[in-house]
Amino acid sequence: MIIVLNMKRRLTPQREAILELIGSSDRHWDAESIAKMLARKGRAIGLATVYRGLAVLEEEGLIHAIQLTDGKKRYERAGKEHHDHFICKLCGSITEFSHPAEARILEHLSRETGAVVHGHEFVVFGVCASCREAS
Ligand SMILES: [Zn+2]
Ligand SMILES: [Zn+2]
C-alpha cells in the first residue's frame, strides 16, 4: 500500500485492518459495527482501539467521517465522488445523494460573502421510506 509511506503516524496492523474493511466496501461504518465485523473475521480489536484508529485514519485523510448530531461519527472510504447523506433517525440507514443545485448555493454564498469555499457537508435527518411504512 503506497499511502502508508505518506502517513505521519505508523499504520499499525489494527489500523490497517480497519482501513481495509472500510476501503473494501461502500458502507458507512460506525465504530461498533467495525469492531463486530473484525471480530467475525477473526481479527478482534478492542472498541477503544477502533475509536483511536478511526481518529488517526481520519486525520491522515485515509477515511472520511460523517458527523452526526449526537456527536457520533460514521466513516466511509476516502476518495469517493462528492455526495451528501440522508440519515434515518430510526434505523440509522444512510442514503447518499447529490444535486446540481448545491453548486449554485455555494456560488451564491461566495458572491454574497466574498468567501472562498473549499467544500461542504450536507447531512439530512429524517425517517426513511421503509421505517415510514413500518410505523
Ligand atoms: Zn429507517
Ligand atoms: Zn457516503
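Computed from a predicted model, the values in this text were never measured in an experiment. (Residues numbered from 1 in each chain as written. Chains lettered and ligands numbered in written order. Predicted model: local features only at pLDDT ≥ 70, side-chain atom pairs only at ≥ 80, totals over all residues. Heavy atoms only, no water.)

Undergrad: I'd love a proper account of the coordination of the zinc ion (ligand 1), names of residues and values included.
TA: Note on the zinc ion (ligand 1): its protein donors are Cys88 (SG), Cys91 (SG), Cys128 (SG) and Cys131 (SG). The metal-donor distances range over 2.3 Å. One can describe the site at the zinc ion (ligand 1) as tetrahedral: its four donor atoms subtend angles covering 105 to 112 degrees at the metal. Written as a sequence motif, the donor arrangement for the zinc ion (ligand 1) is C-x2-C-x36-C-x2-C. Here the residue Cys88 occupies a position in strand β3 (residues 84–88), and Cys131 occupies one in helix α6 (residues 129–134), the gap between them amounting to 43 residues. No difference in accessibility class separates Cys88 from Cys131, as the two residues are buried. (Donors = N, O, S within 2.8 Å, 3.2 Å for Na, K, Ca; no water. Tetrahedral: all angles 85-135°; square planar, octahedral: opposite > 155°, others 65-115°. Helix = DSSP H or I, 4+ residues; strand = E, 2+ residues; numbered from the N terminus. Buried < 20%, exposed > 50% of the residue type's maximum accessible area, 1.4 Å probe, protein only.)

Undergrad: Can you break down the packing of aromatic side chains residue by residue, with the values?
TA: Two aromatic rings are characterised by how far apart their centres lie and by the angle between their planes. With the rule as written, the count across this model stands at one aromatic pair. Over the ring of Trp29 we find Arg27, and its NZ or CZ is 3.8 Å from the ring centre. Lying across the ring of Phe125, Lys89 places its NZ or CZ 5.5 Å from the centre. (Phe/Tyr/Trp six-rings, centres within 6.5 Å; stacked < 30°, edge-to-face > 60°. Lys NZ or Arg CZ within 6 Å of the ring centre and 35° of its normal.)

In short, shape yes, function no, at least from these values alone.
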